[in-house]
Amino acid sequence: MSPRFVVLGPPGAGKTTIGGLLAERTGLAFRDTDEDVVVSAGKPISDIFTTDGEPAFRALEEQAVAEALKTHDGVLALGGGAVLSATTRQRLAGHTVVFLNVGMAEGVRRTGLSAARPLLAGVNPRATFKALLDARLPLYREVATVEVATDHLSPEQVVDTVLARCG
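Computed from a predicted model, the values in this text were never measured in an experiment. (Residues numbered from 1 in each chain as written. Predicted model: local features only at pLDDT ≥ 70, side-chain atom pairs only at ≥ 80, totals over all residues. Heavy atoms only, no water.)

A. The overall build of the protein chain, seen in detail. Along the backbone of the protein chain there are eight helices and five strands. Counting helices and strands in the order they occur from the N terminus, the protein chain gives β-α-β-α-α-α-β-α-β-α-α-β-α. Residues classed as buried in the protein chain amount to 44% of the 167 residues present. For the protein chain, the share of sequence-separated contacts (at least 6 apart) that also reach a separation of at least 24 residues comes to 73%. (Helix = DSSP H or I, 4+ residues; strand = E, 2+ residues; numbered from the N terminus. Buried < 20%, exposed > 50% of the residue type's maximum accessible area, 1.4 Å probe, protein only. Contact = heavy atoms within 4.5 Å.)

This is the structure in structure tokens:
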């Protein structure tokens, strides 16, 4: 068993929205590894970051991705930082990986620098978002089989593009 599509990208790229629409359009089931982490930990991601720290969250995330890649055959959305794990990047080899790229200005607009996104909280969230994009962009591109720039597209147009490129 293997996902038909694995969707990833930075905060605000639309992973959950696009993943859900892609699943709907293709008649596949949708799964989000962030939700898997919340269920396994029994608390929200922001609480995991606060009480247990980012390394504990990343370990849970890596485990959730490994399990989902083995057991889910629909559309799988990964958390924005899942690619930070070299093990996860290796596990993505051979899968159809859709990188939803979002520019800094659009990503900041879409996330609203929400407190629900623990990595964007802090003194200068825009600088944090830029640093996050700078660090992760090469990793997203390393694992991607398809890249879609989402800044000026509706969710439906993004799904159309994914389906056209992954036909």
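B. Seen up close, the UniProt feature "binding site: ATP" (unreviewed entry) in the protein chain. UniProt tags Gly12, Ala13, Gly14, Lys15, Thr16, Thr17 and Arg117 as "binding site: ATP" (unreviewed entry). Tracing the backbone through its elements, the reader meets Ala13 in the loop between strand E1 (5–8) and helix H1 (15–26). Ala13 sits in the buried class, given a relative accessible area of 3%. Looking at the element boundaries, Lys15 is found in helix H1. Lys15 has contacts with Val7, Leu8, Gly9, Pro10, Phe30, Ala77, Leu78, Gly79, Gly80 and Leu100, leaving out every residue within four places of it along the chain. At 2.9 Å, the side chain of Lys15 and the backbone oxygen of Pro10 are in polar contact. (UniProt positions renumbered as here; feature names shortened; annotations may be inferred. Polar contact = N/O pair within 3.5 Å; in protein donor to acceptor, adjacent residues only side chain to side chain.)

C. Expanded view of the environment of Ala77. Turning to its location among the elements, Ala77 is positioned in strand E3 (residues 75–77). In the structure, Ala77 is positioned 62 residues away from Lys15 in sequence and 5.9 Å away in space, judged by C-alpha atoms. Ignoring any residue separated from it by four or fewer positions in sequence, one finds Ala77 in contact with Val7, Lys15, Phe30, Arg31, Asp32 and Thr33.

D. Representation of helix H8 (residues 155–166) within the structure. Under the 1.5 Å per step criterion, the end-to-end length of H8 is 16 Å for 12 residues, consistent within 8% with the ideal 16 Å. All of the buried residues along H8 are Val158, Val159, Thr161, Val162 and Cys166. Across the axial projection of H8, the buried residues extend over an arc of 160 degrees, all falling on one side. Buried residues along H8 sit against E1, H1, strand E4 (97–101) and strand E5 (146–149). (Expected span 1.5 Å × (residues − 1). Arc of directions from axis to C-beta.)

E. Summary view of the UniProt feature "binding site: Mg(2+)" (unreviewed entry) in the protein chain. Per the UniProt record, "binding site: Mg(2+)" (unreviewed entry) is annotated on Thr16. Mapped onto the secondary structure, Thr16 falls in helix H1. When sequence neighbours within four positions are dropped, the list of residues in contact with Thr16 reads Phe30 and Asp32.

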